[in-house]
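What follows is the residue order along each chain.
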Amino acid sequence: MTEALLDAREVSKTYHRRAGVFQRDAGTIRAVDQVTLSLTAGDTLGLVGESGCGKTTLAKILVGLVAPTAGAVFIRGQSAARASRSKRLSLKRAVQFVFQDPMNSLNPRMTVEETLSEPLAIHGLAHGDARRQRVRELLARVQLPLTHAGRLPRELSGGERQRVGMARALAVDPEVLICDEPIASLDVSVGAQILELLRGLCAQQRTALLFISHDLRAVASLCHRVAVMKEGRLIESGPTEALLTHPRHPYTELLIRAATLDLDTPTSK
Ligand SMILES: Nc1ncnc2c1ncn2[C@@H]1O[C@H](COP(=O)(O)OP(=O)(O)OP(=O)(O)O)[C@@H](O)[C@H]1O
Ligand SMILES: [Mg+2]
């Protein structure tokens, strides 16, 4: 049996709603509801579902940025939450995250070069000239010009910031890469290049990928498996081809139909 690189067992996350003008009874919201999934080397899993269904919350649980209210996450069979500090650092290195919103995930006072050097320094991966060379390689991999190395996040476009976030995640050679809407803010050609980069990464380095996207077409072109999320739950998952041709859940059918309609609309890009 292949060992799972990343294994989430029945993870849930409940948020307490804040009371406001419109809502006196605040109540709770189950952002993620008993989700179980696992990724092994070379796996590519697409995660789709409507806005607010819990995709980002699930991704944050998987990388340890949000503690689950119930359930547990294991990296190579070990719980990062319970590991010693040094062990936790190495487990964290294995699973990297590309944020949906790069403006809020990049330090506004750090240049691109500093942003990409930081994970190398934290994990003691390259020093001096080797580190600078590594930063150059990373910029080339995400198709950013070397001249951008000295820029601050606010001096970059949204798409460029997204690619810096991607380069930062790739800096430590992760075994699992979680990308939250990585191409949503990119134009079609750069988006296609990023998809190509991810495809190469999975095929050549056997990096496992969790690809979160609204774009069912991108998911279908990249991922071997698809999981559909609705109201915090995984309602259906399976091999891409089978799921797209024989969806079992009406909601999956709806998503497929919406994507097809979008393709057929003359005004769609
Ligand atoms: N920190 C938080 N506090 C309270 N509620 C939250 C918090 N983060 C997310 N939520 C709520 O949890 C639910 C899931 O949010 P999440 O961001 O995971 O959705 P999503 O599937 O990523 O949506 P999108 O496609 O718009 O990015 C939403 O109802 C959201 O309002
Ligand atoms: Mg999200």
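Preceding this paragraph is the structure being described.
So, here is what we can say about the structure in this document. (Residues numbered from 1 in each chain as written. Chains lettered and ligands numbered in written order. Predicted model: local features only at pLDDT ≥ 70, side-chain atom pairs only at ≥ 80, totals over all residues. Heavy atoms only, no water.)

The helix and strand inventory of the protein chain stands at ten helices and nine strands. For 269 residues, the compact-globule estimate of 2.2 N^0.38 gives 18 Å, and the protein chain sits close to it at 19 Å. Across its three principal axes, the protein chain shows a C-alpha extent of roughly 55 × 55 × 50 Å. Split into buried and exposed, the 269 residues of the protein chain put 48% on the buried side. Within the protein chain, contacts between residues separated by at least 24 positions form 67% of all contacts whose residues are at least 6 apart in sequence. Surface exposure of the protein chain reaches about 14,100 Å², of which carbon and sulfur atoms provide 51%. Averaging the locations of the 35 positively and 28 negatively charged side chains of the protein chain gives two centres separated by 6 Å. (Helix = DSSP H or I, 4+ residues; strand = E, 2+ residues; numbered from the N terminus. Rg over C-alpha atoms; globule rule 2.2 N^0.38 Å. Buried < 20%, exposed > 50% of the residue type's maximum accessible area, 1.4 Å probe, protein only. Contact = heavy atoms within 4.5 Å. Areas by Shrake-Rupley, 256 points an atom, 1.4 Å probe, with all protein chains shown as cover. Lys, Arg positive; Asp, Glu negative; His and termini not counted. Charge placed at Lys NZ, Arg CZ, Asp CG, Glu CD.)

This part takes up the site of ligand 1. The environment of ligand 1 is made up of 13 residues, and the closest members are S51, G52, K55, T56 and T57. At a separation of 2.5 Å, an oxygen atom of ligand 1 approaches a polar side-chain atom of S51. For the shell around ligand 1, the elements supplying multiple residues, two or more each, are β2 (28–39) and α1 (55–62). For the shell around ligand 1, the residue count by class is four nonpolar, seven polar and two charged. (Near = heavy atom within 4 Å. Polar contact = N/O pair within 3.5 Å; in protein donor to acceptor, adjacent residues only side chain to side chain. Nonpolar A, V, L, I, M, F, W, Y, C, P; charged D, E, K, R; others polar.)

As for its placement among the helices and strands, R168 is situated in helix α6 (residues 158–170). If we skip the residues at most four places from it in the chain, R168 touches F99, S105, L106, T115, L116 and P119.

Another point: the packing of aromatic side chains. Considering all chains together, one arrives at one aromatic pair under this definition. Summarising the aromatic geometry, the rings of F97 and F99 are spaced 4.6 Å apart at their centres and angled 50° between planes, so their arrangement reads as tilted. Relative accessible area serves as the criterion here: at 23%, F99 is assigned to the partly exposed category. (Phe/Tyr/Trp six-rings, centres within 6.5 Å; stacked < 30°, edge-to-face > 60°.)

What follows is about the state of the cysteines. Enumeration over the complete set of coordinates arrives at zero disulfides. No disulfide involves C179; its sulfur sits 8.5 Å from that of C202, the nearest cysteine. Judged by its relative accessible area of 0%, C179 is buried. In this model C223 remains outside any disulfide bridge; the closest cysteine sulfur is found in C202, 7.9 Å from its own. C223 gets classed as buried once you look at its relative accessible area, which sits at 5%. (Disulfide = S-S within 2.5 Å.)

Looking at the magnesium ion (ligand 2), one finds its protein donor set to be T56 (OG1) and Q100 (OE1), positioned 2.0 to 2.3 Å from the metal centre. Here T56, found in helix α1, pairs with Q100, found in the loop between β5 (95–98) and α3 (102–105); they are 44 residues apart in sequence, far enough to count as distant. Among the residues examined, Q100 registers a relative accessible area of 39% and is labelled partly exposed. (Donors = N, O, S within 2.8 Å, 3.2 Å for Na, K, Ca; no water.)

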